[in-house]
Amino acid sequence: MAEDLLILDSAGKKEKYHALIPQIEALIAGETDVIANLSNITAALKFGMSFFWVGFYLVKENELILGPFQGPIACTRIRKGKGVCGTAWSEKRVIVVENVEKFPGHIACSSDSKSEIVLPVIKNGEVIMILDVDSNQLNDFDEVDAQALEQITTLIANSIS
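What you are looking at is a predicted structure, and each value in this text was computed from that prediction instead of being measured. Counting from 1, residues in each chain are numbered in the order their sequence is written. Whole-chain, interface and lining totals are the exception, using all residues; otherwise, since this is a predicted model, local features are given only for residues with pLDDT of at least 70 and side-chain atom pairs are given and counted only at 80 or more. To obtain the side-chain values, all non-hydrogen atoms of the structure were included, while hydrogens and water were left out.

A. Structural detail: the overall build of the protein. Secondary structure elements follow DSSP: runs of H or I no shorter than four residues count as helices, runs of E no shorter than two count as strands, and numbering proceeds from the N terminus. Scanning the protein for helices and strands turns up 4 helices and 6 strands. Reading the secondary structure of the protein in the N-to-C direction produces α-α-β-β-β-α-β-β-β-α. The C-alpha atoms of the protein give 15 Å as radius of gyration, which agrees with the globular expectation for 161 residues (15 Å, within 12%). In terms of overall dimensions, the protein has a C-alpha envelope of 40 × 35 × 25 Å along the principal axes. Contacts are residue-level and defined by heavy atoms, with any inter-residue pair within 4.5 Å sufficient. Counted over contacts in the protein with a minimum sequence separation of 6, partners at least 24 positions apart contribute 50%. Total accessible area on the protein is roughly 8,500 Å²; 48% of this is exposed by carbon and sulfur atoms. Between the mean site of the 14 positive side-chain charges and the mean site of the 22 negative ones, the protein shows a separation of 7 Å. We take the radius of gyration over the C-alpha atoms and set the globule estimate at 2.2 Å times the residue count to the 0.38 power. Where accessible areas are quoted, they stem from the Shrake-Rupley method and a 1.4 Å probe; at the residue level, only the protein chains shown are allowed to cover. The sign given to each residue is positive for Lys and Arg and negative for Asp and Glu; His and the chain ends receive no count. For charged residues, the charge sits on one atom: NZ in Lys, CZ in Arg, CG in Asp, CD in Glu.

B. Structural context of unusual backbone geometry. Phi is positive for Asn124, which is not a glycine, with a value near 50°. Locating Asn124 in the fold gives a position in the loop between β5 (115-123) and β6 (126-135). Throughout, exposure labels follow a simple rule: accessible area from a 1.4 Å probe, protein chains only, divided by the maximum for the residue type, with under 20% read as buried, over 50% as exposed, and the rest as partly exposed. The class for Asn124 is exposed, based on a relative accessible area of 73%. You will see that Asn139, though not glycine, has its phi angle at about 50°, which is positive. When you line up the elements, Asn139 lands in the loop between β6 and α4 (143-159). Taking the relative accessible area as the measure of exposure, Asn139 reaches 48% and is therefore partly exposed.

C. Representation of the pattern of salt bridges in the model. For salt bridges, the criterion is a side-chain nitrogen of Lys or Arg within 4 Å of an Asp or Glu carboxyl oxygen. Applying the stated criterion across every chain yields a total of 4 salt bridges. For Lys13, the salt bridge is made with Asp145, and the minimal N-O distance between the two is 2.6 Å. Taken together, the residues Lys13 in helix α1 (residues 13-28) and Asp145 in helix α4 connect sequence positions 132 residues apart. We classify Lys13 as partly exposed; its relative accessible area is 27%.

D. Broad picture of the pairing of strand β2 (residues 63-70). Paired strands, in this sense, are two strands between which DSSP finds at least two bridges. As paired elements, strand β1 (residues 53-60) and β2 share 6 bridges and run antiparallel to each other. The residue of β2 that forms the bridge with Gly55 is Phe69. A loop of 2 residues connects β1 with β2, the two strands running antiparallel in sequence, and Glu61 in this loop sits at a positive phi of about 50°. Inspection of the sheet shows β2 paired to strand β3 (residues 77-79) by 3 bridges, in the antiparallel sense. Across the sheet, the residue bridging to Ile65 is Arg77, located in β3. Counted between consecutive antiparallel strands, the loop separating β2 from β3 contains 6 residues, among which Gly71 sits at a positive phi close to 135°.

In structure tokens, the structure reads:
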């Protein structure tokens, strides 16, 4: 796979995801190292979708530990049930937050983050990591993001043996 993403800046959100997902699939095909794959996925999402912050938190010893990410410095550890990421982990569900200031217990890693979408990566019925995407705009995520990012979390889960 070439090191450049082919995404039209003028394309709409749905079209960008439609172009990006097959490229992400090609990026991780044949690569068995999880960290390498997550690193490329975060870069592809950051630059392909122009996200403010995108990254993974890995489940380790009953905590979420910061993994590969793109964007400003981030929180390094999150407990289960705490903040948006910890809640998505404990509830095993996608959470879309229109305004992070209104989410009870939100952990403010960056004061520039305004909205967020968090998705669990589930393998064999267990959350193994969290995909966290932040925007510096209010109400920036919707069902289009949820569906496309869920496709990516499924690719990740399926790539891990």
